[in-house]
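Working through the structure, step by step
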Amino acid sequence: GAVVSQHPSWVICKSGTSVKIECRSLDFQATTMFWYRQFPKQSLMLMATSNEGSKATYEQGVEKDKFLINHASLTLSTLTVTSAHPEDSSFYICSARGGWTDTQYFGPGTRLTVL
Amino acid sequence: GENVEQHPSTLSVQEGDSAVIKCTYSDSASNYFPWYKQELGKRPQLIIDIRSNVGEKKDQRIAVTLNKTAKHFSLHITETQPEDSAVYFCAASSLPTGNQFYFGTGTSLTVIP
């Protein structure tokens, strides 16, 4: 139980294009989903927290117009990196939390490379 | 906000020895402390967690201790095996009001066969 999937697992795109990453809770309803960014050999940096049906809460320094988050249902959240640039290249990981548990379950991550 | 510090950043141990990773936190309202293991290129996986009403929790070779007064908690791995090699992250959260997990900077553990 408590499986979280992410798609795509990796993506390469040209500078200026937009990329959408999906995060799904497969066997539970996620009351809250989180989006993290992780640089090599570094910790998880929280970008935003999203609750189903409401606007995401962004962490300080994260541009909400650049990183669009939509939590349309209790099992799906999407992160869209708009007008991607090479500095947006990173490992993006989502996590989800259901109402019965305190912990967060992580997706497998998406490796984004912007050329 | 909460600040979680984690030490050491790297740790090498011989197979069969014990490994200890320590974390401190600053917010006395934090009451939930999970530990995650992340292998290279993979997702973080919960390995053990502890709540503030408990001082110690053990699961086979893994144990976590919590000292609320000193605001620190530790992960103990006994009889280490090569497959324990990974990056370990501690985190703190103040549930149920606080959704956010504040992560430590991670410890890269290498178990030498």
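The model shown is predicted, which means the values in this text are computed figures rather than measured ones. (Residues numbered from 1 in each chain as written. Chains lettered and ligands numbered in written order. Predicted model: local features only at pLDDT ≥ 70, side-chain atom pairs only at ≥ 80, totals over all residues. Heavy atoms only, no water.)

1. A short note on the overall build of chain A
A count of helical and extended segments in chain A gives 0 helices and 11 strands. Start at the N end of chain A and walk to the C end: the helices and strands fall as β-β-β-β-β-β-β-β-β-β-β. Based on the C-alpha atoms only, the size of chain A along its principal axes is roughly 40 × 25 × 20 Å. Between the centroid of the 10 positive side chains of chain A and the centroid of its 9 negative side chains there is a distance of 5 Å. (Helix = DSSP H or I, 4+ residues; strand = E, 2+ residues; numbered from the N terminus. Lys, Arg positive; Asp, Glu negative; His and termini not counted. Charge placed at Lys NZ, Arg CZ, Asp CG, Glu CD.)

2. Regarding the environment of S73 of chain A
Residues and elements named next belong to chain A. Looking at where S73 falls in the secondary structure, it is placed in strand β7 (residues 67–73). In this structure, the C-alpha to C-alpha distance between S73 and N51, residues 22 residues apart in sequence, is 9.1 Å. Of note is the side chain of S73, whose polar atom sits 3.2 Å from the backbone nitrogen of L76. (Polar contact = N/O pair within 3.5 Å; in protein donor to acceptor, adjacent residues only side chain to side chain.)

3. Here's the deal with the sheet that holds strand β6 (residues 56–59) of chain B
All names here are of chain B. Strand order in this open sheet of 5 strands is β1-β3-β8-β7-β6, and the pairing throughout is antiparallel. Of all strands in the sheet, those with a lone pairing partner are β1 (4–7) and β6, marking the two edges. Within the sheet, the average angular offset between the axes of one strand and its neighbour, ignoring direction, is 15°. (Pairing = 2+ DSSP bridges. Axes fitted to C-alpha atoms, helices over the stretch in contact; angles between N-to-C directions.)

4. Considerations on the pairing of strand β3 (residues 19–25) of chain A
Regular strands place side chains that alternate from one sheet face to the opposite one. Residues and elements named next belong to chain A. Residues V19, I21, C23 and S25 line the buried face of β3, whereas the alternating positions K20, E22 and R24 sit on a face that is not buried. Where strand β1 (residues 4–7) meets β3, 4 bridges bridge the pair, whose relative direction is antiparallel. Paired with V4 across the two strands is S25, which belongs to β3. Pairing analysis gives 6 bridges linking β3 to strand β8 (residues 76–81), with the strands arranged antiparallel. (Buried < 20%, exposed > 50% of the residue type's maximum accessible area, 1.4 Å probe, protein only.)

5. With respect to the packing of aromatic side chains
Tallied over the entire structure, the rule returns 13 aromatic pairs over all chains. When the centroid spacing of 6.1 Å and the interplanar angle of 65° are considered together, the rings of F106 of chain A and F103 of chain B count as edge-to-face. Of the two residues, F106 of chain A is situated in strand β10 (residues 105–106) and F103 of chain B in strand β10 (residues 102–103); the pairing between them involves two chains. Here F106 of chain A matches F103 of chain B in class, with each residue buried. In this structure an aromatic cluster arises from ring pairing among Y36 and F106 of chain A together with Y32, Y36, F101 and F103 of chain B. (Phe/Tyr/Trp six-rings, centres within 6.5 Å; stacked < 30°, edge-to-face > 60°.)

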